[in-house]
Amino acid sequence: MEKWRCKVCDWIYDPATGDPDNGVAAGTAWEAVPEDWVCPICGAGKDEFEKE
């Protein structure tokens, strides 16, 4: 699975680990991350991420 990088703070969303602290289970593909999810570091929306 592809990783996605936040263009604002450079945090990496890795589908293998997800973001369990914010309701996204490990193994969740980027496409399945809810549209209202935000970067856990800076609060940027999904539209501020780019494929790594």
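Calculation notes
Residues numbered from 1 in each chain as written. Predicted model: local features only at pLDDT ≥ 70, side-chain atom pairs only at ≥ 80, totals over all residues. Heavy atoms only, no water. UniProt positions renumbered as here; feature names shortened; annotations may be inferred. Core = buried A, V, L, I, M, F, W, Y, C linked by side-chain atoms within 4.5 Å. Buried < 20%, exposed > 50% of the residue type's maximum accessible area, 1.4 Å probe, protein only. Contact = heavy atoms within 4.5 Å. Helix = DSSP H or I, 4+ residues; strand = E, 2+ residues; numbered from the N terminus.

Looking at an unreviewed UniProt entry, one finds the chain named Rubredoxin, with Cetobacterium somerae ATCC BAA-474 as its source organism. In its Sequence similarities (unreviewed entry) section, the UniProt entry covering the chain states "Belongs to the rubredoxin family."

A. Expanded view of the nonpolar core. In this structure, Trp4, Cys6, Tyr13, Val24, Trp30, Val33, Trp37, Cys39, Ala44 and Phe49 together form the largest nonpolar core, which totals ten residues. Excluding residues within four positions of it along the chain, Trp4 makes contact with Trp11, Ile12, Tyr13, Trp30, Phe49, Glu50, Lys51 and Glu52.

B. Expanded view of the UniProt feature "binding site: Fe cation" (unreviewed entry) in the chain. Those places that UniProt annotates as "binding site: Fe cation" (unreviewed entry) correspond, in this numbering, to Cys6, Cys9, Cys39 and Cys42. With the annotated positions falling across 37 residues, the maximum pairwise C-alpha distance of 8.9 Å places them together in a single cluster. Mapped onto the elements, Cys6 comes out in strand 1 (residues 4–6). Relative to the assigned elements, Cys42 resides in the loop between strand 2 (12–13) and strand 3 (49–51). Take Cys42: its relative accessible area is 35%, and that puts it in the partly exposed class. Not counting residues up to four positions away in its chain, the partners in contact with Cys42 are Cys6, Val8 and Cys9.

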